[in-house]
Amino acid sequence: MQTPYFLIDKERIEDNLKLLRRLMDDTGCKILLAQKCFSCYGLYPLISKYLAGATSSGLYEARLCHEEMQGKENHVFSPAFKDEDIDEICGICDHIVFNSPAQLIRFGQKAKDVGLQIGLRINPECSTQEGHAIYDPCAPGSRLGTTLAVFEESIRRNPSLLSLIDGLHFHTLCEQNSDDLKTTLDAVVNKFGKYLSDMKWINFGGGHHITRADYDIELLERCIIRMRDEYSLQVYLEPGEAVALNAGELHTTILEIQPADEQGISNVILDTSAACHMPDVIEMPYTPPLQHAEIISNPSHQSHLYRLGGPTCLSGDVIGLYKFDHKLEEGEELIFDDMVIYSMVKTNTFNGMPLPDIYIKQSSEKCTLWKTFGYEDFKSRI
């Protein structure tokens, strides 16, 4: 197996799915795979055994769900839909969520006429983010979701608008626990509660780290049951990371180790790139976990300190600073953990970097090559 490559652990995926399925069975909620986070359709037959379907961010993801999860629910949301896409979307989706009253007015009746459930994304204006404004849909000036003021002004101008809406959707979380969901849900009820009795469903969106070890599932269940019992609503959740959390690795090889600087830190050039193969390292930013190494924030002249980076021309193509228990050698293989959520869907070929192959680990002994990439993949993307 030639590095770099992603390795997806099928058994760990299934463990996550079993937990999500229990939540569905215990509360009556429906859970959808957020394809924007994990769209390895080679595992869609497995995911379909446990979840209600998938949610899409536009036409292409909707096509993928339609083709690879036949018979399951297909939901779609976009900040703005294109006229040339809407007919096909209406032909393959079950639910469509609009971002604004203007989009609802433009496309809602057409979607309703062919049998789709119609949703409107709301902005409860309740931020629970800490330090990741780029992922905060409730940040000032957000283009995502309809505020109460805009919602009510639109209804005042067009009272029939409310009759088009089957459900409300909010998505405000990012890798968060259920206490933040409760805070958000309280804000939703406070602002939009008087409209909930007219709805068929409510969608809590994504960002729920349900399969994380310290996640408070009992509180999540109470949030779901509250909406179910008080308003007779079908509750949807759209986690992406929870499906594939801690279920994949990115393997890489050391190409060169440069001499240590005055702090004792050596730059290491890998055959994988933060910019190309794990862009969230730069976007979030964050330092990914690495097997047999410790993430370091303060070097303080420790031994075996290495700054890992990629082979691109971008000076900021740095993965992080790590301390090892041994001296690294060129040609040594390193393994980053929790690397199949978002990393695979965000890969790119900047600098002509090859895309990593994708393997699926079926058991402790068996790995199957699912997807390989070459020069033509780079050339066709230009």
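Reading the values: rules and limits
Residues numbered from 1 in each chain as written. Predicted model: local features only at pLDDT ≥ 70, side-chain atom pairs only at ≥ 80, totals over all residues. Heavy atoms only, no water. Helix = DSSP H or I, 4+ residues; strand = E, 2+ residues; numbered from the N terminus. Rg over C-alpha atoms; globule rule 2.2 N^0.38 Å. Buried < 20%, exposed > 50% of the residue type's maximum accessible area, 1.4 Å probe, protein only. Contact = heavy atoms within 4.5 Å. Lys, Arg positive; Asp, Glu negative; His and termini not counted. Charge placed at Lys NZ, Arg CZ, Asp CG, Glu CD. Patch = residues over 30% accessible without salt bridge, like charges linked within 9 Å, V, L, I, M, F, W, Y side chains within 5 Å. Areas by Shrake-Rupley, 256 points an atom, 1.4 Å probe, with all protein chains shown as cover. Salt bridge = Lys/Arg side-chain N within 4 Å of Asp/Glu carboxyl O. Axes fitted to C-alpha atoms, helices over the stretch in contact; angles between N-to-C directions. Left-handed = near helix turned anticlockwise from the far one by under 90°. Nonpolar A, V, L, I, M, F, W, Y, C, P; charged D, E, K, R; others polar. Pairing = 2+ DSSP bridges. Core = buried A, V, L, I, M, F, W, Y, C linked by side-chain atoms within 4.5 Å. Phe/Tyr/Trp six-rings, centres within 6.5 Å; stacked < 30°, edge-to-face > 60°. Lys NZ or Arg CZ within 6 Å of the ring centre and 35° of its normal. Polar contact = N/O pair within 3.5 Å; in protein donor to acceptor, adjacent residues only side chain to side chain. Parallel < 35°, antiparallel > 145°, perpendicular 65-115°, else oblique. Arc of directions from axis to C-beta.

**Looking at the overall build of the protein chain**
Of the regular secondary structure elements, the protein chain holds 14 helices and 17 strands. Its C-alpha atoms give the protein chain a radius of gyration of 22 Å, near enough to 21 Å, the size a compact globule of 382 residues would have. Here the C-alpha coordinates of the protein chain stretch approximately 70 × 45 × 40 Å along the principal axes. Within the span of the protein chain, comprising 382 residues, buried residues form 54% of the whole. Once local pairs closer than 6 in sequence are excluded, the contacts in the protein chain between residues at least 24 apart make up 67%. For the protein chain, the distance from the average position of its 35 positive side-chain charges to the average position of its 56 negative side-chain charges is 6 Å.

**Re a nonpolar patch on the surface**
Nonpolar side chains collect at one region of the surface, where Ile282, Leu314 and Phe350 lie side by side and expose about 240 Å² of accessible area between them. Along the chain, Phe350 turns up in the loop between α13 (343-346) and β16 (357-361).

**Some remarks on the packing of helix α1 (residues 10-27) against helix α9 (residues 217-231)**
Taken N-terminus to C-terminus, the directions of α1 and α9 make an angle of 40 degrees; their axes are 10 Å apart at the nearest point. With respect to the hand of their crossing, α1 and α9 are arranged in right-handed fashion. Seen from α1, the contacting residues are Leu19, Leu23, Asp26 and Thr27; seen from α9, they are Ile217, Leu220, Glu221, Ile224 and Arg228. Per-class residue counts for the contact of α1 with α9 are 5 nonpolar, 1 polar and 3 charged.

**Regarding the sheet that holds strand β3 (residues 53-56)**
Reading around the barrel, the 8 strands line up as β2-β3-β4-β5-β6-β7-β8-β9 and close back on themselves, with parallel pairing between neighbours. In this sheet, adjacent strand axes meet at a mean angle of 25 degrees when their direction is disregarded. Of the pairings in the sheet, the one linking strand β2 (residues 30-34) to β3 comprises 3 bridges and is parallel in character. In the sheet register, Ala34 faces β3, and the bridge partner there is Thr55.

**Some points on the nonpolar core**
Formed by 104 residues in total, the largest nonpolar core has its most connected members in Phe38 and Phe204. Not counting the four nearest positions on each side in its chain, Phe38 is found in contact with Ile8, Ile13, Leu33, Leu43, Tyr44, Ile47, Ala244, Val340, Met344 and Val345.

**Quick notes on the pattern of salt bridges**
Summed over all chains, the structure comprises 19 salt bridges. Between Lys112 and Asp166 there is a salt bridge, with the nearest N and O atoms lying 2.9 Å from each other. You can see Lys112 sitting in helix α5 (residues 101-113) and its partner Asp166 sitting in the loop between α7 (161-164) and β7 (167-169), a full 54 residues away along the chain. Under the relative-accessibility criterion, Lys112 is labelled partly exposed at 25%. Connected via shared salt-bridge partners are Lys112, Asp166 and Lys200.

**Things to note about unusual backbone geometry**
With an omega of -5 degrees, the peptide bond between Thr3 and Pro4 qualifies as cis. Structurally, Pro4 is set in the segment before β1 (5-9). Following Met284, the chain continues into Pro285 via a peptide bond in cis, with omega recorded as -10 degrees. Along the polypeptide, Pro285 turns up in the loop between α12 (280-283) and β12 (293-295).

**Section: the packing of aromatic side chains**
With the rule as written, the count across this model stands at 10 aromatic pairs. Residues Trp201 and Tyr236 carry aromatic rings whose centres are separated by 6.1 Å and whose planes lie at 85 degrees to one another, so their mutual orientation is edge-to-face. Separated by 35 residues along the polypeptide, Trp201 in strand β8 (residues 201-203) and Tyr236 in strand β9 (residues 234-237) bring together distant segments of the chain. Each member of the pair, Trp201 together with Tyr236, is buried. A connected cluster of aromatic rings, assembled from ring pairs, spans Phe151, Phe192 and Tyr195. Over the ring of Trp370 we find Lys371, and its NZ or CZ is 4.9 Å from the ring centre.

**Remarks on the side chain of His208**
The residue His208 is located in the loop between β8 and α9 in this model. Given the relative accessible area of 1%, His208 is considered buried. There is a polar contact of 3.0 Å between the side chain of His208 and the backbone oxygen of Gly205. Ignoring sequence-local partners within four residues, the contact set of His208 consists of Leu173, Gln176, Leu181, Tyr215, Leu237, Pro239 and Ala242.

**Some thoughts on the packing of helix α3 (residues 59-68) against helix α4 (residues 83-92)**
Two elements in contact, α3 and α4, have axes whose closest approach is 10 Å; the angle formed by their N-to-C orientations is 25 degrees. Comparing the axis directions of α3 and α4 gives the class roughly parallel. For α3 against α4, the interelement crossing comes out left-handed. Taking contact as the criterion, the partners of Leu59, Ala62, Arg63 and His66 in α3 are, on α4, Asp85, Glu88, Ile89 and Ile92.

**Focus: helix α6 (residues 148-157)**
Within the sequence span of α6, burial applies to Leu148, Phe151, Ser154 and Ile155. On an axial view of α6, the arc spanned by its buried residues comes to 135 degrees, and they lie on one face. Facing away from the buried surface of α6 by more than 90 degrees, the exposed residues are Ala149, Arg156 and Arg157. Taken together, the buried residues of α6 touch α5, β6 (117-121), α7 and α8 (178-196).

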